[in-house]
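The primary structure of each chain is shown beneath.
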Amino acid sequence: MEYERLNNVEVNIPKIGLGTYQIELSPRDEAISALRRGIELGMTLIDTAEMYGWGRSEEIVGEAIKPFDREELTIVTKVWGTNLAYESVKKSAKASIARLGTYIDVYLIHWPNPSYPLGETLKAMKELVSEGIIRYIGVSNFSLGQLKEARNLLRNNDIVTNQVEYSLRVRDPEADILPYCQKEKITLMAYSPLDRGRILKRPPQKLKVIAARLGKSVAQIAINWLISKPMVVAIPKASKVEHVEENAGAAGRRIPQDLMTELEDLEEERARWPRS
Ligand code: NAP
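Rules of the game
Residues numbered from 1 in each chain as written. Predicted model: local features only at pLDDT ≥ 70, side-chain atom pairs only at ≥ 80, totals over all residues. Heavy atoms only, no water. Near = heavy atom within 4 Å. Polar contact = N/O pair within 3.5 Å; in protein donor to acceptor, adjacent residues only side chain to side chain. 1 Å grid on protein atoms, 1.4 Å probe; cavity = no way out; pocket = protein on both sides within 12 Å on 5 of 7 lines; lining within 4 Å. Sits in = over half its atoms within 2 Å of the grid points. Points joined across faces, edges and corners; volume = space filled by probe spheres on them. Nonpolar A, V, L, I, M, F, W, Y, C, P; charged D, E, K, R; others polar. Phe/Tyr/Trp six-rings, centres within 6.5 Å; stacked < 30°, edge-to-face > 60°. Helix = DSSP H or I, 4+ residues; strand = E, 2+ residues; numbered from the N terminus. Buried < 20%, exposed > 50% of the residue type's maximum accessible area, 1.4 Å probe, protein only. Lys NZ or Arg CZ within 6 Å of the ring centre and 35° of its normal.

J.: Would you explain the site of the ligand in this entry?
T.: Residues in contact with the ligand amount to 29 residues; listed here are only the nearest, Asp47, Leu194, Ser239, Lys240 and His243. The contact in question runs from an oxygen atom of the ligand to an N or O atom on the side chain of Ser192, over 2.8 Å. Here Asp195 contributes a backbone N or O atom positioned 3.3 Å from an oxygen atom of the ligand. When each cavity is represented as a set of grid points, the ligand is found to reside in the largest pocket.

J.: What's the story with empty space enclosed by the protein in this structure? I'm lost.
T.: Which parts of space are left empty comes out when a probe the size of a water molecule is rolled across the atoms. Per the stated rule, a full pass over the model turns up one cavity of 30 Å³ or more. Lining of the largest cavity is provided by Leu214, Lys216, Ile221, Asn224, Arg253, Arg254 and Ile255. Classifying every residue of the lining of the largest cavity gives three nonpolar, one polar and three charged.

J.: When you look at the packing of aromatic side chains in this model, what are you seeing that I'm missing?
T.: The way to describe two aromatic rings as a pair is by their centre distance and the angle between their planes. Counted according to the given criterion, the structure contains three aromatic pairs. Centre to centre, the rings of Trp54 and Trp80 are 6.3 Å apart; their planes meet at 90°, and the pair counts as edge-to-face. Of the two residues, Trp54 is situated in the loop between strand E3 (45–47) and helix H2 (56–64) and Trp80 in the loop between strand E4 (74–79) and helix H3 (86–100); the sequence distance between them amounts to 26 residues. A relative accessible area of 57% places Trp54 in the exposed class. You can call Trp80 partly exposed: its relative accessible area is 21%. Against the face of Tyr103 rests Arg70, its NZ or CZ located 3.8 Å from the ring centre.

What is shown is where atoms sit, not what they do.
In structure tokens:
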């Protein structure tokens, strides 16, 4: 496995973690086996949220991590956008740790919501750090302006990550969030790195050819491309052991520059990729 530093804190996280959105829809044993296999393979960064199956995903994560050394894991969960009032944040975090059976490493605001003053939400999160309920604060789906605002409301380095959609198809973060995160050393967690599985169902021809030339699968190339970028980690979700194993195999050798250029030039094909 390859590693990235979590912001400026003394924590190393794997470049490839485990997503868990809708994992509760799979048979429980299969989901737990997939997560455990991922952890064995070094995917010790696990992403969940109170909103995923309204707590059921967190419960599955709690069960899956039981045999492992807690210190080796980085558990990320999120407070939903309607629970951002001071008291609700505290209540949500406590409910999450009850379901997870352990503290939270990184607690994210799932989506920004202008109905709640950001300062109030962050005040509650800071107190959760002091109380030992969470270790670090992060955000998700924040624009660059919102990320800067959050950083201004805290000491500058207190936001350790912005989790945003980023894949070979969705490259919006490259416009501003990615360069800013790289410059400021904020971890960018790339969600839906496989475009929710769509990139595998109907891969662009060029991507298929490049994968075949490198002896890798399409999923592995899509993930390798993301993790080749400084400060970026990817959190593919897979509820099948074989998918987890394939995704873990994305770490390692980099895509050669000439093929990288071809891959990044998927613009035209990208426009034709199906959205669903
Ligand atoms: P994704 O990881 O891009 O794709 C997941 C889909 O790809 C699943 O259907 C999975 O199938 C399939 N898959 C994974 N690896 C595969 C492989 N090697 N071969 C074939 N199929 C494979 O999509 P995502 O779940 O939207 O995103 C990943 C994670 O990011 C989420 O689970 C969640 O933790 C996080 N996320 C966060 C936000 C946010 O707002 N912060 C939003 C969306 C997602 P199986 O399950 O059948 O294995």
